[in-house]
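Secondary and tertiary structure notes
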Amino acid sequence: MNQPIPRPGPEPARAGVPEHGRVPKYYLVKARLEELVAELGPGGRLPTEADLAQRHGVARATVRQALRELLLEGRLRRQGRGTVVAGPKIEQPLSLSSYTEGLSRQGLRPGRTLITLEELPADAATARLLDVPEGEPLWHLERVLRADEERVGLESTYVAVTRVPALAREFDPDGSFYGYLREHGVRLGTAHERIETVLASPREALLIGTPPALPMLLLHRHSLDAGGRPLEQVRTLYRGDRFSFTLALGTPNDN
């Protein structure tokens with residue numbers, strides 16, 4: 001069954017066909033469904049599993065596996081009892097811009113729901129990262145991230161209380177933390193960011209409103225201020241089916 005499988009957009013030379021030429025039946029169904037997704041466009045409703053199974057001459061379990069992969073990839077989403085074509089993923093730049101700025105540039109309405117704003121003693125690892133004594137009071141700011149009211153992530157920020165002592169009293173939890181820092185004379189300098197794929201914990205999945213089996217993109221950010229002093233440590237979970245990240249690359253200087 002060594003045959004080309006049409007897919008939208010540029011693909012590797014052999015697409016999904018392994019070298020031995022045998023393609024799993026569900027993958028052929030998935031390829032046909034991708035054609036249907038392209039025809040329907042965002043918001044288009046797919047036929048039922050039973051209808052798709054009859055149309056492609058396969059078992060419902062085969063259709064279910066193909067649909068599951070497209071759901072995990074963010075190509076489809078559940079709506080009520082049916083399945084519809086998802087819109088494009090949110091593109092978040094890997095830069096020292098805020099979540100608010102990233103979404104606003106795409107015409108999306110950013111929002112946040114406060115889960116926790118509490119004062120905690122710095123543990124040994126966080127104290128090293130923020131260059132404060134162990135036990136130093138830290139703010140822990142935890143918020144659910146929203147895009148057009150859809151829950152899309154969970155963000156935890158740690159910052160020394162001495163850097164922003166009035167945070168609990170003055171900060172609007174639905175607003176931009178970076179905007180608040182700028183208003184109080186704190187300028188961002190550089191940051192180190194690490195990205196990995198994880199599964200959310202049961203608590204995290206409940207807060208974000210996703211199944212625990214949905215892959216997440218986990219970003220760890222360690223930010224310094226303009227003077228080179230450690231400022232914040234951030235842990236952010238983004239839904240893998242709703243986000244992609246962009247980065248502008250340049251040619252290194254030959255010095």
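Rules and cut-offs
Residues numbered from 1 in each chain as written. Predicted model: local features only at pLDDT ≥ 70, side-chain atom pairs only at ≥ 80, totals over all residues. Heavy atoms only, no water. Phe/Tyr/Trp six-rings, centres within 6.5 Å; stacked < 30°, edge-to-face > 60°. Buried < 20%, exposed > 50% of the residue type's maximum accessible area, 1.4 Å probe, protein only. Core = buried A, V, L, I, M, F, W, Y, C linked by side-chain atoms within 4.5 Å. Helix = DSSP H or I, 4+ residues; strand = E, 2+ residues; numbered from the N terminus. Contact = heavy atoms within 4.5 Å.

So, about the packing of aromatic side chains. All chains considered together, the criterion is met by 7 aromatic pairs. Seen from their ring centres, Tyr 238 and Phe 243 are 4.6 Å apart, and the 50 degrees between their planes marks the pair as tilted. The two residues Tyr 238 and Phe 243 agree in class, both being buried. Ring geometry for Phe 243 and Phe 245: centres 6.2 Å apart, planes at 20 degrees, overall stacked.

A word on the nonpolar core. Of all hydrophobic cores here, the largest spans 15 residues; its most connected members are Val 29, Leu 33, Leu 46, Leu 52, Val 63, Leu 67 and Leu 76. Those elements giving two or more residues to this core turn out to be helix H1 (25–40), helix H2 (49–56) and helix H3 (60–72). Counting residues per element, this core draws most heavily on H3, at 5 residues. Not counting chain neighbours up to four residues away, the residues in contact with Leu 76 comprise Val 37, Leu 46, Leu 67, Leu 70, Leu 71, Thr 83, Val 84, Val 85 and Ala 86. In this structure, Leu 141, Val 161, Phe 177 and Leu 231 belong to the second largest nonpolar core, which totals 14 residues.

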